[in-house]
Amino acid sequence: MPSTTLVTGAARGLGASIARRLGTRGHHVIVNYRSSAADAAEVVRGIEAAGGSASSAGADVTDPSAVDGLVTGILAARGRIDTVVVNANTAPPPFAALADLSWTAFAAKVTGELAGAFHITKRVLAPMRAQGAGRIVYIGSTAADYVGGGRLAHGTAKSALATFARHVAAETARDGVSVLVVAPGAVRTPATAEILDGERGAVLARESVLGRVLEPEDVAEAVAMAADPALHAATGTTLRVDGGWSVLVGGPSS
Ligand SMILES: NC(=O)c1ccc[n+]([C@@H]2O[C@H](COP(=O)([O-])OP(=O)(O)OC[C@H]3O[C@@H](n4cnc5c(N)ncnc54)[C@H](OP(=O)(O)O)[C@@H]3O)[C@@H](O)[C@H]2O)c1
């Protein structure tokens, strides 16, 4: 039986690319969406047209009862859940310095980010423990490591996500569950296209040793490898997919 793999927020952007890539790697992919049912159905059709297997499932992953319904449905249909990619962009960043940041915007970013990881992780751990196996991949960000550029809220939230992942890894490793964070740099998706198609994109490309901005497929390939249970010993750590930014002395300057 193919690995049953849930990708949260997979109707577009990084999630859609990750879902497609996992489909070509033989996973049965559950394409989760919050409101974009038609886009999710299109992702499913694309996976099937490429010879893979997929289905779509709507749920707001920040809502614990919706998450319960989502996972209960997957278990009823498939009998197990092998892999979860925690990707949904539950709290887009309010890019601003502290002086210009309201508590409401900061708290929404941090709680939204963590809600998207907390509820799904808690719900899948019981079936994964019962199976004695499971892999959870969290989509972090290199924003966790850099200061400036208005990254305060986003970086704080993604740092917290990475810490959360380390705790999950420590609590579950002996039950057969393993955890990895994949932390991309800036990637061209619908969420970032407006910014990256302008001057900001030119700066990012100039400062990357690759000489270009990352595309979703770059990250999807890394996530597909990260999802491989053969990598179970790589748990509680972070795989950076940043086009080589981290090799620049002191990191990017803007
Ligand atoms: N793009 C980048 O440069 C970049 C860099 C590093 C890390 N990341 C991370 O990569 C992930 C994906 O980002 P992206 O750029 O692909 O975002 P995106 O283009 O905005 O796509 C986000 C997807 O998340 C879904 N979503 C949002 N809230 C949800 C919720 N509560 N429940 C279920 N689905 C929800 C949306 O679904 P609906 O359309 O159905 O509402 C949408 O399909 C995020 O975790 C982001 O922080 C992105």
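Calculation notes
Residues numbered from 1 in each chain as written. Predicted model: local features only at pLDDT ≥ 70, side-chain atom pairs only at ≥ 80, totals over all residues. Heavy atoms only, no water. UniProt positions renumbered as here; feature names shortened; annotations may be inferred. Helix = DSSP H or I, 4+ residues; strand = E, 2+ residues; numbered from the N terminus. Near = heavy atom within 4 Å. Polar contact = N/O pair within 3.5 Å; in protein donor to acceptor, adjacent residues only side chain to side chain. Areas by Shrake-Rupley, 256 points an atom, 1.4 Å probe, with all protein chains shown as cover. Buried < 20%, exposed > 50% of the residue type's maximum accessible area, 1.4 Å probe, protein only. Pairing = 2+ DSSP bridges. Right-handed = clockwise from strand over helix to strand, strands pointing away. Expected span 1.5 Å × (residues − 1). Contact = heavy atoms within 4.5 Å. Axes fitted to C-alpha atoms, helices over the stretch in contact; angles between N-to-C directions. Left-handed = near helix turned anticlockwise from the far one by under 90°. Nonpolar A, V, L, I, M, F, W, Y, C, P; charged D, E, K, R; others polar. Core = buried A, V, L, I, M, F, W, Y, C linked by side-chain atoms within 4.5 Å. Lys, Arg positive; Asp, Glu negative; His and termini not counted. Salt bridge = Lys/Arg side-chain N within 4 Å of Asp/Glu carboxyl O.

The next thing to look at is the UniProt feature "domain: Ketoreductase" (unreviewed entry) in the chain. On the UniProt side, "domain: Ketoreductase" (unreviewed entry) is annotated at positions that read residues 3-190 here. Secondary structure across residues 3-190 divides into 48% helix and 18% strand, with the first and last C-alpha atoms of the span separated by 28 Å.

With that settled, consider the site of the ligand. Near the ligand there are 31 residues, and of these Ser35, Ser36, Asp60, Val187 and Thr189 occur at the shortest range. Here an oxygen atom of the ligand sits 3.1 Å away from a polar atom, N or O, in the side chain of Asn89. Between an oxygen atom of the ligand and a main-chain N or O atom of Ala191, the distance comes to 3.5 Å. Taking 900 Å² as the accessible area of the ligand by itself, protein coverage stands at 95%. Among the secondary structure elements, those contributing two or more residues to the shell around the ligand are helix 1 (13-24), strand 2 (28-33) and helix 5 (152-172).

Quick look at the pairing of strand 1 (residues 4-7) now. Of the two faces of strand 1, both are covered, the one formed by Thr4 and Leu6 as well as the one formed by Thr5 and Val7. Where strand 1 lies against strand 2, four bridges are found, and the strand directions are parallel. Bridge assignment links Val7 to a residue of strand 2, and that residue is Val31. Once you follow strand 1 into helix 1 and on to strand 2, the crossover reads as right-handed. Where strand 1 lies against strand 4 (residues 83-86), three bridges are found, and the strand directions are parallel. Counterpart to Thr5 in the pairing with strand 4 is Thr83.

On to helix 5, then. In this model, helix 5 (21 residues) spans 30 Å end to end at C-alpha, consistent with the 30 Å of a helix rising 1.5 Å per residue. Among all positions in helix 5, only Ala153, His154, Gly155, Ala157, Lys158, Leu161, Ala162, Ala165, Val168, Ala169 and Thr172 are buried. On the buried face of helix 5, the contacting elements are helix 4 (103-131), strand 5 (134-139) and strand 6 (177-184).

Let us now look at the packing of helix 3 (residues 64-78) against helix 4. Closest axis-to-axis distance for the helix 3/helix 4 pair is 9 Å, and the angle between their directions is 35°. As for how helix 3 packs across helix 4, the hand of that crossing is right-handed. Judged by residue contacts, Pro64, Val67, Asp68, Leu70, Val71, Thr72 and Leu75 of helix 3 engage His119, Ile120, Arg123, Val124 and Pro127 from helix 4. Of the residues that constitute the contact of helix 3 with helix 4, the class distribution is eight nonpolar, two polar and two charged.

Turning our attention to the nonpolar core. Within the largest apolar cluster, 31 residues are counted, with the highest numbers of intra-cluster contacts made by Ile18 and Val31. Counting residues per element, the ones that place at least two in this core are helix 1, strand 2, helix 2 (37-49), strand 5, strand 6 and helix 8 (216-226). The greatest single-element share of this core, amounting to six residues, is contributed by helix 8. The residues touching Ile18, leaving out its near neighbours within four places in the chain, are Val7, Val85, Asn87, Ile139, Ala220 and Val223. Judged by nonpolar contacts, the second largest core, of 27 residues, contains Ala59, Ala88, Ile120 and Val124.

What follows is about the side chain of Arg135. When you line up the elements, Arg135 lands in strand 5. Here Arg135 occupies a buried position and makes no salt bridge, while the nearest side chain of opposite charge, Asp228, is found at 7.3 Å. Within the local environment of Arg135, its side chain forms a polar contact with the backbone oxygen of Leu231, the two atoms lying 3.4 Å apart.

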